[in-house]
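# Report on the structure
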Amino acid sequence: MLTLASLALAAPATYEQPPADIAAVLDAPRPPSLRISPDQAWLVLLDRPALPPISEVAAPIVKVAGVRLDPRTHGPARENPYTAASLRPLDKPGAAPVPLKVDGLARDAFFDEESRHVAMTVTTDEGISLWVADLGADPKPRRLVGPRLQAALGSPCDWLPGDQGLVCRVVPEGLGTPPAEDPTPTGPRVQESLGRKAPARTYADLLQSEHDERLMEHWLQSELVRVSLDGKVTPLAPAGIWRWTWPSPDGSWLLVSKVHEPWSWQVPLGSFPTTTTAIE
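Residues numbered from 1 in each chain as written. Predicted model: local features only at pLDDT ≥ 70, side-chain atom pairs only at ≥ 80, totals over all residues. Heavy atoms only, no water.

Read across the sheet, four strands follow the order S8-S9-S10-S11 without closing on themselves; strand pairing throughout is antiparallel. Every interior strand has two partners, whereas the edge strands, strand S8 (105-111) and strand S11 (142-145), have only one. Strand-to-strand twist across the sheet, computed as the mean angle between neighbouring axes with direction ignored, equals 30°. Taken together, the eight bridges between strand S9 (residues 117-124) and strand S10 (residues 127-134) define a ladder with antiparallel strand orientation. Across the sheet, residue Val 118 finds its bridge partner in S10, namely Ala 133. (Pairing = 2+ DSSP bridges. Helix = DSSP H or I, 4+ residues; strand = E, 2+ residues; numbered from the N terminus. Axes fitted to C-alpha atoms, helices over the stretch in contact; angles between N-to-C directions.)

Let us now look at the side chain of Thr 245. Within the element layout of this structure, Thr 245 appears in strand S15 (residues 233-247). With residues near it in sequence (within four places) discarded, Thr 245 still touches Asp 158, Val 167, Leu 224, Leu 254, Leu 255 and Val 256. (Contact = heavy atoms within 4.5 Å.)

Across the sheet, six strands lie side by side as S12-S13-S14-S15-S16-S17; this open sheet has antiparallel pairing. Every interior strand has two partners, whereas the edge strands, strand S12 (157-159) and strand S17 (274-279), have only one. Between one strand axis and the next, the sheet turns through 40° on average, direction left out of account.

Summed over the entire model, instances satisfying the criterion amount to one aromatic pair. Ring geometry for Trp 263 against Phe 272: centres 5.9 Å apart, planes inclined by 35°, an arrangement best described as tilted. Given the relative accessible area of 5%, Phe 272 is considered buried. (Phe/Tyr/Trp six-rings, centres within 6.5 Å; stacked < 30°, edge-to-face > 60°. Buried < 20%, exposed > 50% of the residue type's maximum accessible area, 1.4 Å probe, protein only.)

Set out below in structure tokens:
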């Protein structure tokens, strides 16, 4: 007879594995994702994982202002990065791909406009780093920036023309821990109605309190820096919620967009007010 005592002593349940035939289908390699250089001379192949591991599905998520991010990496939540990357010259159809070996998992690869370099953002448990490889006979990636890129709002880096390097969003030094929630309210929550029908879209993960606002400011802020091809990092702009950067054709100017207050509890971050300025 099954008793409550025997139930209490029973081993905890674990995930069951499917039959081998089904597992082979689910775990079958997927076609790689491709990146082609602007001069169409090089091809980067990014091996895509079949399914994310349960550890990735169960990873913590921070949800603020319609953005879901991984607090471990300051990147998108449940990103499931590529498992490997390799480089192949397109003018040699029979050439074997050259592995681009990095310390971590590649999340993206992108060429400069002159097709002389390929940059890669790489994810580890500590964060997202920047690697660059010179295209040629022996393209060996080297790390330029450690695991401190801010990728929660999109690609963290953009190439500058020539050999000027890249402009990147990075997590500020000494960011510290996220602000703790104060259970004591600072005042009443007031919403006004004009007394008429006003249909509005509904969104997920919106701000709901002053504490959510502080969390958003903590997790989404970044500094703008210039990264040279020898790894030198030069500050360009102080910490803020930077949405995007757009270098000028000669690399002497940088058009940037910054999100600023007032914060909204009705729409996601993409609809917040922004200021667009040029940085020399």
